[in-house]
Amino acid sequence: MKKIVIINSSPRTEGNCDLLCAQFYKGASQNPDNQIVRINLKDKDFDFFREEQDTDDADLAAQELMDSNIIVLATPVYFYNMSGMMKTFIDRMTPYFSQLGGKDFYFILTAAINRSEMQQTVDSLYGFTDSVPDSNVAGVIYGSNVSRKGDILNHPAYQEVFDIASKIF
């Protein structure tokens, strides 16, 4: 049994990134023993990282991440980088990053640009996981050249994300 936490930073309901998160969830659900938590950052209340701040939804999400085996970071790509919500969320993990060690990570990216142009975003996400002790990036799913809602449904990444997640036991 694995506990999987999917962090979705898309601001669009049923947008391409959101749809890939749903497919990952569906694939991981093929193993009925997996426990899956999906966190949509657009529905959460959290602020930028500050040295001292009150507890908010980012801290609650951090607890879910610490209790997980697998963390999925899903983001649309804007101007060759992750969404602002994802960047802020990652920054908020600063007090917790040493407690996130030993986990597998998956990255899900969607963009209207080519796969090669998405690499800068992947590198930025690796900037986070490289700071997490003993972390392992187990997979990167690229939903490239998708701009309108639903474009991902006819993209190879839609099946790929399901197949990858369905092998998690």
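Residues numbered from 1 in each chain as written. Predicted model: local features only at pLDDT ≥ 70, side-chain atom pairs only at ≥ 80, totals over all residues. Heavy atoms only, no water.

Let's talk about the overall build of the protein
Note the following rule: A run of H or I in DSSP counts as a helix once it spans at least four residues, and a run of E counts as a strand once it spans at least two, with each numbered from the N terminus. What the globule rule says is 2.2 Å times the number of residues to the power 0.38, and the radius of gyration is computed from C-alpha atoms. Residues count as neighbours in contact if any of their non-hydrogen atoms are within 4.5 Å of one another. Method for areas: the Shrake-Rupley scheme with a 1.4 Å probe, in which residue coverage is limited to the protein chains shown. Counted as positive: Lys and Arg. Counted as negative: Asp and Glu, with His and the chain ends omitted from the count. To locate a charge, take NZ of a lysine, CZ of an arginine, CG of an aspartate or CD of a glutamate.
Across its full length, the protein holds 5 helices and 5 strands. Each helix and strand of the protein, placed in order from N terminus to C terminus, yields the pattern β-α-β-α-β-α-β-α-β-α. By the compact-globule yardstick of 15 Å for 169 residues, the protein fits well, its C-alpha radius of gyration being 15 Å. Across its three principal axes, the protein shows a C-alpha extent of roughly 45 × 40 × 25 Å. In the protein, the proportion of contacts linking residues at least 24 apart, taken out of those at least 6 apart, comes to 79%. Surface accessibility of the protein: about 8,200 Å² in total, with carbon and sulfur atoms responsible for 45%. Looking at the protein, you have 15 positive and 23 negative side-chain charges, and the mean spots of the two groups are 7 Å apart.

Here's the deal with the nonpolar core
So the rule is basically this: In plain words, nonpolar cores are sets of buried Ala, Val, Leu, Ile, Met, Phe, Trp, Tyr and Cys residues tied together by side-chain atoms within 4.5 Å. Buried, partly exposed and exposed residues are distinguished by accessible area as a fraction of the type maximum, computed with a 1.4 Å probe on protein chains only: under 20%, between the cut-offs, and over 50%, respectively.
In this structure, I7 and L73 are the most contacted members of the largest nonpolar core, which totals 32 residues. Looking at this core, the elements that each hand over two or more residues are β1 (3-8), β2 (35-40), α2 (57-66), β3 (70-76), α3 (84-92), β4 (104-110), α4 (119-129) and β5 (136-143). Those residues in contact with L73 that sit more than four places away from it in its chain are I7, M86, F105, Y106, F107, I108, L125 and F128.

A closer look at the state of the cysteines
Rules: The definition used for a disulfide is geometric: two cysteine sulfur atoms within 2.5 Å.
The tally for this structure, following the rule as stated, stands at 0 disulfides. Residue C21 stays outside any disulfide, its sulfur separated by 4.7 Å from that of C17, the closest cysteine.

Remarks on the sheet that holds β1
Short version of the rule: Two strands form a pair only when DSSP identifies at least two bridges running between them. Simply put, an axis is a line fit to the C-alpha atoms, just over the touching stretch for a helix, and the angle between two N-to-C directions goes from 0 to 180 degrees.
On the basis of which strands lie adjacent, the open sheet formed by 5 strands has the order β2-β1-β3-β4-β5 and parallel pairing. On the outer flanks of this sheet lie β2 and β5, each paired with one strand and no other. Adjacent strand axes in the sheet meet at a mean angle of 15°, parallel and antiparallel pairs treated alike. Relative to β3, β1 is paired through 5 bridges, and the arrangement is parallel.

Quick notes on helix α5 (residues 156-166)
For clarity, the threshold we go by: Here, the arc refers to the directions that run from the helix axis to the C-beta atoms.
Every buried residue of α5 is listed here: A157, V161, F162, A165 and S166. The buried side chains of α5 occupy one side of the element, clustering within an arc of 165° when seen end-on. On its buried face, α5 is in contact with α1 (16-28), β4 and β5.

A word on the side chain of S10
Threshold: Contacts described as polar in this section are N or O atom pairs within 3.5 Å, which, within protein, must combine one atom able to donate a hydrogen with one able to accept it, while residues neighboring in sequence count only if both atoms come from side chains.
With respect to the helices and strands, S10 occurs in the loop between β1 and α1. For S10, the side chain forms a polar contact with the main-chain nitrogen of R12, separated by 3.1 Å. Residues contacting S10, with those up to four places away along its chain left out, are C17, D18, K42, P76 and M85.

A few points about the side chain of H155
Checked against the element boundaries, H155 lands in the loop between β5 and α5. One polar contact links the side chain of H155 to the main-chain amide nitrogen of A157, over a distance of 3.0 Å.

Comments concerning the packing of aromatic side chains
Under the convention used in this document: Any pair of Phe, Tyr and Trp rings, taking the six-membered ring for Trp, is counted once the centres come within 6.5 Å. Such a pair is stacked with planes under 30 degrees apart, edge-to-face with planes over 60 apart, and tilted for the rest.
Per the counting criterion, the structure on display carries 4 aromatic pairs. Ring centres of F46 and F89 lie 6.2 Å apart, and the angle between their planes is 80°; on these two criteria the pair is classed as edge-to-face. Residue F46 is found in the loop between β2 and α2, and its partner F89 is found in helix α3; the two are separated by 43 residues along the sequence. In this structure, F46 and F89 share a single accessibility class: buried.

With respect to the pattern of salt bridges
Heads up, the condition is: By convention in these notes, a salt bridge is any Lys or Arg side-chain nitrogen within 4 Å of a carboxyl oxygen on Asp or Glu.
Tallied over the entire structure, the rule returns 8 salt bridges. Of the charged contacts in the structure, one is a salt bridge between E64 and K3, with a shortest N-O distance of 2.5 Å. In this pair, E64 is assigned in helix α2 and K3 in strand β1, connecting sequence segments 61 residues apart. Of the residues examined, K3 reaches a relative accessible area of 8% and is grouped as buried. D91 is paired through a salt bridge with K87; the nearest N and O atoms lie 2.6 Å apart. In this pair, D91 and K87 both sit in helix α3, 4 residues apart, roughly one turn of the helix. Taking relative accessible area as the criterion, D91 reaches 28% and is therefore assigned partly exposed. In this structure, a network of salt bridges that share partners links the residues D56, D59 and R92.

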